[in-house]
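# Structural overview for review
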Amino acid sequence: MSARPRSQPSTPRFEGDAVLSVRDLRVAFPGAEPVVDGISFDLAPRQVLAVAGQSGSGKSLTAMAIMGLLPHRAEVTGSITFAGTELVGASESVLADVRGAEIAMVFQETRSALNPVLTIGKQLVGAIRANSDASASQAREMAGDALREVKILDADRVLESYPHQLSGGMCQRVVIAMALACGSRVLIADEPTTALDVSVQRDILTLLEQLVRDREMSCIFVSHDLGVIDEIADHVAVMHTGQIVEFGPVRQTIADPLHPYTRELLSHLDSLVGEPAPVPVVPDHQASTDPDRGCDWGHEDCDGDTELFTLPGGRQVRSCLYAPQRYAPTPTMQEVTR
Ligand SMILES: Nc1ncnc2c1ncn2[C@@H]1O[C@H](COP(=O)(O)OP(=O)(O)OP(=O)(O)O)[C@@H](O)[C@H]1O
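Description of the structure in this document. All values derive from a computational prediction rather than experimental measurement.

Helix and strand counts for the protein stand at 12 helices and 13 strands. Counting the 338 residues in the protein, one finds 41% classified as buried. For the protein, restricting intrachain contacts to residue pairs at least 6 apart in sequence, the fraction spanning at least 24 positions comes to 64%.

Take a look at the structure:
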């Protein structure tokens, strides 16, 4: 019988050409357990990396940590490097240089991220001038071009509008246009389509896909919805209670989830990717359906504090089933062929 896939200790991907590297990132608030608990990942050029997980799993705090927008009382350790610059502990002026110009963020409630008392034109021109040497008239032209690039046809009217005069989908496009006009290399989109109608959601997803392809941007796409993630992302990091429990290519992860928590998320999936993926049958193990259990395979001598193991081919899973040797069971065909 052939050996089951031998896992390796986790190794970072895309090292060398990563645009953004996160290593052992921890976020804690005073007197409480960490809410982001030692996560690591790399973002490659032109990659769309999804961060999935249910409410409270630490997705938004991870995004905010990258933007340097966490509340002051948050204790942050680990490393976030963007183009060689360390962002954890960086001064406000370093963060201000990176924010907008290099890394931009789109929120679920974009309207609240726009200034209600300034026209879209003033806000776009201000952002462009803050990040370039453009004159006022050049910046105005660049703002119009950026709006047209995000498929806003009546750009002149929108430049004269205030945020409350635009729909939610239009506000999303405006913020994405701002990232384009400022030449950002990374776009962090935190649940950008959750508050939008389904048809508008698709338009925004299509737009993000085009921008990543045409403008060579990279994107971190935060969502609780694996259906939406399936539409847009290359890779997915599944987060649970502040940790990454599974990492891998989206298609493989959805078709063949390794971790019980990923299966739990998939079981709540609606029609976007059809039927929920079937739970894999692993005859030698009693897989727990309780995503809060430390050891998801019920090994008596496992304390549940399992590390993230890397399988051949690069998929990662936090499960003692995939630990090298320690819990080595007789492999199933399914595991061998993974
Ligand atoms: N300012 C804060 N002070 C204390 N705890 C916080 C703070 N902000 C977030 N948390 C806690 O950190 C945990 C992770 O929050 P986070 O917003 O990252 O979750 P999330 O996965 O993005 O969820 P959602 O999809 O609901 O936004 C939650 O338990 C939340 O209560």
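Following the structure, the description resumes.
Another point: the site of the ligand. Around the ligand, the neighbouring residues are Phe29, Val35, Gly53, Ser55, Gly56, Ser57, Gly58, Lys59, Ser60, Leu61, Pro71 and His224. When grouped by side-chain class, the residues that make up the shell around the ligand number four nonpolar, seven polar and one charged.

Turning next to the pairing of strand 8 (residues 186-190). Consecutive side chains of a regular strand alternate in pointing toward one face of the sheet and then the other. Summarising burial for strand 8: five of the five residues are buried, a large majority. Residue alternation in strand 8 divides its side chains into two sets, Val186, Ile188 and Asp190 and Leu187 and Ala189, and both sets are buried. Pairing of strand 8 with strand 9 (residues 218-223) involves five bridges; the strand directions are parallel. Bridge pairing links Leu187 to Cys219 in strand 9.

Looking now at the packing of helix 4 (residues 120-130) against helix 7 (residues 168-181). Where helix 4 meets helix 7, the axes come as close as 9 Å, and the angle between the chain directions of the two elements is 25°. Between helix 4 and helix 7, the angle falls in the class roughly parallel. Regarding helix 4 and helix 7, the two cross each other, and that crossing is right-handed. Side by side, helix 4 and helix 7 meet where Ile120, Leu124, Ala127 and Ile128 of the first sit next to Val174, Ala177, Met178 and Ala181 of the second. By residue class, the composition of the contact of helix 4 with helix 7 is eight nonpolar, no polar and no charged.

Criteria and thresholds
- Residues numbered from 1 in each chain as written.
- Predicted model: local features only at pLDDT ≥ 70, side-chain atom pairs only at ≥ 80, totals over all residues.
- Helix = DSSP H or I, 4+ residues; strand = E, 2+ residues; numbered from the N terminus.
- Buried ≥ 20, exposed ≤ 12 C-beta atoms within 10 Å, placed from the backbone.
- Contact = placed C-beta atoms within 7 Å.
- Near = placed C-beta within 6 Å.
- Nonpolar A, V, L, I, M, F, W, Y, C, P; charged D, E, K, R; others polar.
- Pairing = 2+ DSSP bridges.
- Axes fitted to C-alpha atoms, helices over the stretch in contact; angles between N-to-C directions.
- Parallel < 35°, antiparallel > 145°, perpendicular 65-115°, else oblique.
- Left-handed = near helix turned anticlockwise from the far one by under 90°.

Such coordinate-based values are descriptive only and should not be taken to indicate function.
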